[in-house]
Amino acid sequence: MSTFSARPTARGSLGSKVEDTFRFLPGNTRRIYDLVAEIYPLSTMLFHSDAHKVALSLAGVADGMRVLEVTTGSGEMFRRLLRSNPNGMTCGVDISPNMAARTQRVARRRIPGVEAHCQAVDARRMPFGDGAFDAVVCCYLLELLGEEDIVHTLAEMRRVLRPNGRLALVLIGQQDPAFNVWYRFIGSIAPAFLGRQVETRIPEMMEACEFELEHDRQVRQTLYPSRVVVAKR
Ligand SMILES: C[S@@+](CC[C@H](N)C(=O)[O-])C[C@H]1O[C@@H](n2cnc3c(N)ncnc32)[C@H](O)[C@@H]1O
């Protein structure tokens, strides 16, 4: 039985001192990602692209679908989604206007003629109707949110998914103790940019939000661990 409530709690249970920091970060996160938008593709290439491929293979995305990527970053996964869904509609949101604008610009240039819409939107409150999407993909966002916001955002992703639609999440893995020590250290220097690892708690939180877990994979790229979790609404 889950220990998480689908309703936000007053204090985080992921570690309360660290959690207090994360409750006030979104504005800083937006400013930092705005600054790094043009160089961010390097980080995706080195650390994230293998996990993106695994998430895409498990997310059940097929041509003709309505697909949403929550937090496009600089748009690498967004372009993979567009290539898998050339006759459908693919939307992307990111809290950073520069990230959203870059994703839209590069997608339109490299993959012309597809229906691609990116906006600067906070994932905690998205401007889409209930059940508007067949699939939702979200990579490396939850690490940047406070626990209450993780719960709100999972509930928001569930709201915009149609019944039986799939959510594919990519998280920073916690399977390597040495990496965890290092990440805790660098994360404490730049929490608004790097966040903190939350992976081990997320499947439980997804179940508390009434997602049905379907796939759970670990991926490692350039020593960087990721976990891909796919669930059905
Ligand atoms: C670690 S990057 C991951 C980018 C991309 N998803 C990837 O896989 O490479 C985190 C992204 O989340 C965005 N972000 C952070 N908080 C957000 C929020 N509350 N709503 C929407 N996007 C957010 C940041 O602007 C940044 O682009």
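Before any of the text, the structure's been laid out above.
Figured I'd write up the structure that's included with this text.

Cut-offs used in this document
One numbering rule holds for all chains: residues counted from 1, following each sequence as written. Local features in this predicted model are restricted to residues whose pLDDT is 70 or higher, and side-chain atom pairs enter the listing and the counts only when it is 80 or higher, whereas totals over whole chains, interfaces and linings include all residues. Computation of side-chain values: all heavy atoms of the structure, hydrogens and water removed. Going along the chain from the N terminus, every DSSP run of H or I of four or more residues is numbered as a helix, and every run of E of two or more is numbered as a strand. Relative accessible area decides the class of each residue, using a 1.4 Å probe on protein chains only: under 20% of the type maximum gives buried, over 50% gives exposed, and in between gives partly exposed. Polar contacts, as used here, are pairs of N or O atoms within 3.5 Å; protein pairs need one atom able to donate a hydrogen and one able to accept it. Residues neighboring in sequence count only if both atoms are side-chain atoms. How far a helix is expected to stretch is found by multiplying one less than its residue total by 1.5 Å. Note on contacts: a residue pair qualifies if any of its non-hydrogen atoms lie within 4.5 Å across the two residues. Strands are labelled as partners when DSSP assigns at least two bridges between them. Working convention: axes come from line fits to C-alpha atoms, limited for helices to the stretch in contact. Angles between N-to-C directions cover 0 to 180 degrees. It is the directions from the helix axis to the C-beta atoms that the arc portrays. Each residue is tested against the molecule or strand, and it is near if at least one of its non-hydrogen atoms lies within 4 Å. To measure how exposed things are, a 1.4 Å probe is used in the Shrake-Rupley method; for residues, cover is taken only from the protein chains shown. Grid spacing is 1 Å over the protein atoms alone, the probe is 1.4 Å, and a cavity is where that probe fits but cannot get out, while a pocket is an open set with protein on both sides within 12 Å along at least five of seven lines and lining residues have an atom within 4 Å of a point. Molecule-in-pocket calls rest on the fraction of atoms, with more than half required to lie within 2 Å of the cavity or pocket grid points. Each residue is assigned to one of three groups, with Ala, Val, Leu, Ile, Met, Phe, Trp, Tyr, Cys and Pro labelled nonpolar, Asp, Glu, Lys and Arg labelled charged, and all others, Gly among them, labelled polar. Here the nonpolar core consists of buried residues drawn from Ala, Val, Leu, Ile, Met, Phe, Trp, Tyr and Cys, with membership extended through side-chain atoms lying within 4.5 Å. In this scheme the handedness of a crossing depends on how the near helix is turned from the far one: anticlockwise by less than a right angle means left-handed, clockwise means right-handed.

1. Observations regarding the side chain of Asn85
Here's step 1: If you trace the backbone, Asn85 turns up in the loop between helix 4 (76–84) and strand 2 (89–94).
Here's step 2: A relative accessible area of 0% places Asn85 in the buried class.
Here's step 3: Among the polar contacts made by the side chain of Asn85, one reaches the main-chain carbonyl oxygen of Met65 at a distance of 2.9 Å.
Here's step 4: Of note is the side chain of Asn85, whose polar atom sits 3.1 Å from the side chain of Thr90.

2. Section: helix 6 (residues 147–160)
Here's step 1: Its 14 residues place the ends of helix 6 20 Å apart at the C-alpha level, agreeing with the 20 Å of an ideal helix rising 1.5 Å per residue.
Here's step 2: Here helix 6 has its buried residues at Glu147, Asp149, Ile150, Val151, Thr153, Leu154, Glu156, Met157 and Val160.

3. What about the side chain of Thr72?
Here's step 1: One can find Thr72 in the loop between strand 1 (66–70) and helix 4.
Here's step 2: A polar atom in the side chain of Thr72 sits 3.2 Å from the side chain of Thr103.
Here's step 3: Residues in contact with Thr72, not counting those within four places in the same chain, are Phe78, Gly92, Val93, Asp94, Met99, Ala100 and Thr103.

4. Considerations on the sheet that holds strand 1
Here's step 1: Strand order in the open sheet made by the seven strands is 3-2-1-4-5-7-6, with mixed pairing throughout. Each end of this open sheet is capped by a strand with a single partner; those strands are strand 3 (115–120) and strand 6 (212–221). On average, adjacent strands in this sheet sit at an angle of 15 degrees to one another, irrespective of strand direction.
Here's step 2: Relative to strand 5 (residues 161–172), strand 4 (residues 133–139) is paired through six bridges, and the arrangement is parallel.

5. Structural notes on helix 7 (residues 177–189)
Here's step 1: With 13 residues, helix 7 extends 19 Å between its outermost C-alpha atoms, agreeing within 8% with the 18 Å of an ideal straight helix rising 1.5 Å per residue.
Here's step 2: Residues of helix 7 that are buried: Phe179, Asn180, Tyr183, Ile186 and Gly187. One side of helix 7 carries all its buried residues, which in axial view fall inside an arc of 140 degrees. Residues of helix 7 that are exposed and point over 90 degrees away from its buried face: Pro177, Ala178, Val181, Arg184, Phe185, Ser188 and Ile189.
Here's step 3: Contacts made by the buried residues of helix 7 are with strand 5, helix 8 (191–194) and strand 7 (224–232).
Here's step 4: The backbone nitrogen of Ala178 lies 3.0 Å from a side-chain oxygen of the residue at the head of helix 7, namely Asp176.

6. Some words on the site of the ligand
Here's step 1: The environment of the ligand is made up of 21 residues, and the closest members are His52, Thr71, Asp94, Ala123 and Cys139.
Here's step 2: Cys139 is positioned such that a nitrogen or oxygen atom in its backbone is 2.9 Å from a nitrogen atom of the ligand.
Here's step 3: Considered on its own, the ligand offers 600 Å² of accessible surface; in the complex 97% of this is hidden by protein.
Here's step 4: Because more than half of its atoms lie within 2 Å of the grid, the ligand is assigned to the largest pocket.
Here's step 5: Broken down by secondary-structure element, the contributors of at least two residues to the shell around the ligand are helix 2 (26–36) and helix 3 (40–58).
Here's step 6: The element best represented in the shell around the ligand is helix 3, accounting for four residues.
Here's step 7: Tallied by class, residues from the shell around the ligand come to 11 nonpolar, eight polar and two charged.

7. Quick word on the nonpolar core
Here's step 1: By size, the foremost hydrophobic cluster in this structure holds 31 residues, and its most contacted members are Leu68, Val70, Leu142 and Leu154.
Here's step 2: Elements supplying a minimum of two residues to this core: strand 1, strand 2, strand 4, helix 6, strand 5, helix 9 (202–208) and strand 7.
Here's step 3: Here this core takes five residues from helix 6, the largest share from any one element.
Here's step 4: Those residues in contact with Leu142, other than ones at most four positions away along the chain, are Ile150, Leu154, Leu169, Leu171, Arg196, Val198 and Ile202.
Here's step 5: In this structure, Val61, Ala168, Tyr183 and Val228 belong to the second largest nonpolar core, which totals 25 residues.

8. Observations regarding the packing of helix 3 against helix 4
Here's step 1: It is at 9 Å that the axes of helix 3 and helix 4 come closest, and there the two elements cross at 35 degrees. Crossing of helix 3 against helix 4: the hand is right-handed. The residues of helix 4 that touch helix 3, namely those facing Pro41, Thr44, Ser49, His52, Lys53, Ala55 and Leu56, are Glu76, Met77, Arg80, Leu81 and Ser84.
Here's step 2: Among the residues forming the contact of helix 3 with helix 4, the class breakdown is five nonpolar, four polar and three charged.

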